[in-house]
Amino acid sequence: MYTAGIDMGSRSVKVVLLEELKVDGAPQLKWGVKKTHIMFPEDLDMDVAAEKLFTEALQSAGISRDQVTRVVSTGAGRKQVKFANGDVTEVSAGARGAVFMCPSARTVIDVGAEEGRGVKAAPDGKVVDFAGNEKCAAGAGAFAESMARALQLPLKDFGEASLRSNKTIPMNAQCTVFAESEVVSLIHANTPKEDIAKAVLDAVANRVTAMVRRVGIEEDVVLIGGMVHNPGFVQSLKNALGVEKVLLPELPEYVAALGAALIAADGNA
Amino acid sequence: MAATQKYPTEPLKLWKKAKELREKYYLDYARAKEKGGIRWGGSAWALDAIPAGLGEDVHSLTGEPYAASVSNEPKFNKQCQDAAEAAGFARDLCAYMRTYWGSIYINKYLFGGEFPKPDFNFQTQICCSHSKWYQHASKVENTPDFYIDVGVGPYKDLDESRLMYVVNQCHESIEWMEKVTGRKYDDELLIKAVKNEMRSTSLWAEICTLNKAVPAPLDEKTMYSLYVLATLSKSSQWCADYYQELRDEVKDRVARGIAAVANERCRVMSDTQPPWAFLKIFRYLEQYGAVSIGSLYTFGLEGIWETKPDGTWGPRTTPMDQGIAITTRDQALRLYCDWNLSKPQWQHFYDPRLKTEMMKTIVREWKVDGVMLHLNRGCEGLSLGIMENRLGIAAAGIPVMTYEGNMGDEREFDMVRTQNRVDSFMETLDLKREFAHA
């Protein structure tokens, strides 16, 4: 018997199939099946994408649909998953999945494409308190992507470039549009790209940290979401938080889907 | 899927009357000149019993409820906001103020016709925007204006000299009003208005106190349409009489177990003005069986409160109920100033911790499960210290969430994101939506 979690993010859909509880009471993961993002083709509806990916995941895992007892969706498009039995927000799903993967974590920082958030989590992964960025994208991965484009650097190189810098250049803009003009000014001032990259990632990290402080920073801290793949951001975040380590789960993009699958197993959505 | 019917519910009988009184208020103001009456402008916090002494044909236009009404008409509101911005005012200024100024600039009144110019503006100074609001309006309309500084510190520290500082300004304002209107001031009308205001604001607090009952007889979205009468004309006979009728009806609802939200299983409270154009967020809460029982804003913007002998919060006892006869202008003004200076929503201007304590009292006595703070970009005054309130509430172990918005500028509110945040908050309270996947 299995449960499934489907994360309908703003850029991608992720599915996790979770094998049901074993006799010792510990859930056993059966990762699925799909370990890569599926980008939305422009002509594909969200619910069609979810159905397609879910079917592929089942096939890949060799599981029939009726073996899956419960499906819980999460993410910005969670309500689009018509075949789900319930839905939970990214906040609850992210915290549940992150604490499952990193049981010592009490502060979960999730920086995805559209939103950054800080969550204070209980030992069972339940949300105690949370804070998120509002209408501004400056605390989110989309901001870093936009700035990488302005620097004409592939996203992969952007984070690594920042690690080569030891400069601290304050970036004051809180908004993607205005920050881009700051970046352009720095480029025109012949500032090395790695220094600009660090300035951008420091700015994101500072913004995220200010948000996390609202709920309190209690170690261990775990980072989830796409920005885990950006080593420059991870370093900037450590600096901003003033902590020695930030836990990085494997397959960070799947943490929310995993959390949804765990919540499905709990029967709580 | 219909919501679970846990409690009986029924419409408020006095709902329609509240709407009628509100409309009459705005039309009376617009038509005051047809009968030779006086019009004056000021905020909902103006000491409105004082102009009442000029006669029984004196009508006010209070700025915030007017702008809130405009906020519910997005097209008209946009015209007003555009006009204010075109005049050079930044969009991070008080949203009500910009709307009010815009309504003057485009010379249109929401309730029909041209914007009715007041004979004078009369305003208190405690909010950082209020005095500038009416100073500028007076300049544009070439209207005389008078301001009473009520910033004398928190009520708990009130002493004779602080009280007299305000009382003396009130005396001066009366002389000034006689001069600018050419009318002789009637102390009997002042005394009557002071008594009316004390009745109105104490009765409103009593009505809010009735919401301690489970199930709550009123939800906050409904309360917005009721408390507004005090923001319009708290010193009027009609306002005090209405609240007396309303108190009796709400008391009856409590006795019969009539709920505002039939599936009540969770009680939340809000803070500051809501985003007026998006009040459906309160209906969204009901999908979780959550009722917003009110807030310090709804309770204490106009309601006047006191701590009762048993330590609970309740309506302040009026001087009339204490057997005090009000017979002179000076006595009326002293009692009136003391009464207003105890207004809960004036206290946080001095120290956010005072507000936090009042909020914790509401959580405790109104059996609140969680607090939803509106980070209101449209009102610096009431958003002042709100993040400190958040810390204080969280430290007390009370679940709390924040969302950003603007009471009067819909460009700054994101409904989908706010609903998403509400979803997360409800999950932390272990609540599920009843209308989720069928």
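Scoring rules and cut-offs
Sequence order sets the numbering: in each chain, residues are counted from 1 along the sequence as written. Note on labels: chains are lettered from A, ligands numbered from 1, in written order. Given that this is a predicted model, residues contribute local features only at a pLDDT of at least 70 and side-chain atom pairs are listed and counted only at 80 or more, while totals for whole chains, interfaces and linings are drawn from all residues. No hydrogens and no water enter the side-chain calculation; it runs on all heavy atoms of the structure. Only DSSP runs of H or I reaching four residues or more are called helices, and only runs of E reaching two or more are called strands; each is numbered from the N terminus. Burial classification: accessible surface area is computed with a 1.4 Å probe over protein chains only, and a residue below 20% of its type maximum counts as buried, one above 50% as exposed, and the rest as partly exposed. Using the Shrake-Rupley algorithm and a 1.4 Å probe, accessible areas are obtained, with residue cover drawn only from the displayed protein chains. To estimate the expected span of a helix, subtract one from its residue number and multiply by 1.5 Å. Polar contacts here mean pairs of N or O atoms no more than 3.5 Å apart (in protein, one a potential hydrogen donor and the other a potential acceptor; neighbouring residues in sequence count only if both atoms are side-chain atoms). Only heavy atoms matter for contacts: two residues are in contact if any of them lie within 4.5 Å across the pair. Buried area is understood as the total, over both parts, of accessible area removed when two parts are fitted together, assessed with a 1.4 Å probe. Every case where a carboxyl oxygen of Asp or Glu lies within 4 Å of a side-chain nitrogen of Lys or Arg is listed as a salt bridge. Here the nonpolar group is Ala, Val, Leu, Ile, Met, Phe, Trp, Tyr, Cys and Pro; Asp, Glu, Lys and Arg are the charged ones; every other residue, Gly included, is treated as polar. The definition of a nonpolar core used throughout is a set of buried Ala, Val, Leu, Ile, Met, Phe, Trp, Tyr and Cys residues joined through side-chain atoms within 4.5 Å.

Participant: Help me understand the overall build of chain A, please; the structure alone is not making it clear to me.
Facilitator: Looking only at helices and strands, chain A features 8 helices and 10 strands. For chain A, the proportion of its 269 residues judged to be buried stands at 57%. When the accessible surface of chain A is split by element, carbon and sulfur atoms take 51% of a total near 11,200 Å².

Participant: Would you explain helix H6 (residues 193-215) of chain A in this entry?
Facilitator: Counting along an α-helix, one turn takes 3.6 residues, and residues three or four places apart therefore face a common direction. If you check H6 of chain A, its first and last C-alpha atoms are 34 Å apart, about what 23 residues at 1.5 Å a residue would give, namely 33 Å. Among the residues trailing H6 of chain A, Gly216 of chain A stands out with phi positive, at a value near 95°.

Participant: Please clarify how the side chain of Arg117 of chain A should be interpreted in this entry.
Facilitator: Residues and elements named next belong to chain A. Within the secondary structure layout, Arg117 lies in strand E8 (residues 116-121). A distance of 2.8 Å separates a polar atom in the side chain of Arg117 from a polar atom in the side chain of Asp110. The contact partners of Arg117, leaving out residues within four places of it in the chain, are Glu90, Val91, Val108, Ile109, Asp110, Ala131, Gly132 and Met211.

Participant: Help me out: how do you make sense of the interface of chain B and chain A in this one?
Facilitator: In many analyses, interface size is given as the accessible surface area lost on bringing the parts together. Contact residues are listed per partner, giving 26 residues for chain B and 29 residues for chain A. For the pair chain B and chain A, the summed buried area comes to about 2,200 Å², and 41% of that belongs to carbon and sulfur atoms. Scanning the region where chain B abuts chain A turns up 4 salt bridges. Applying the counting criterion to the chain B and chain A interface returns 13 residue pairs in polar contact (both at pLDDT 80 or more). Contributions of two or more residues to the side of chain B that touches chain A are made by helix H16 (386-395), strand E10 (400-405) and helix H17 (415-428) of chain B. Looking at the side of chain B that touches chain A, its residues break down into 9 nonpolar, 6 polar and 11 charged.

Participant: What is the right way to look at the nonpolar core in this model?
Facilitator: Across soluble globular proteins, nonpolar side chains have a tendency to be buried as a group. Judged by nonpolar contacts, the single largest core of 153 residues is most densely connected at Ile50, Tyr100, Tyr243, Leu246, Val371 and Met426 of chain B. Looking at this core element by element, the count peaks at 11 residues for helix H7 (residues 187-210) of chain B. Excluding residues that lie within four positions of it along the chain, Tyr243 of chain B makes contacts with Ser200, Leu203, Trp204, Ile207, Leu226, Tyr227, Val228, Leu229 and Ala230 of chain B. Listed in part, the 40 residues of the second largest apolar core include Ile109, Ile196, Val204 and Leu241 of chain A.

Participant: Just to check I follow, could you spell out the environment of Gly378 of chain B for this structure?
Facilitator: Residue and element names in this part refer to chain B. On the secondary structure map, Gly378 appears in the loop between strand E9 (370-376) and helix H15 (380-383). As a C-alpha pair, Gly378 and Ala95 span 283 residues in sequence and 4.8 Å in three-dimensional space. In this view, Gly378 contacts Leu93, Cys94, Ala95, Gly405, Asn406 and Met407; residues no more than four positions away in its chain are not counted.

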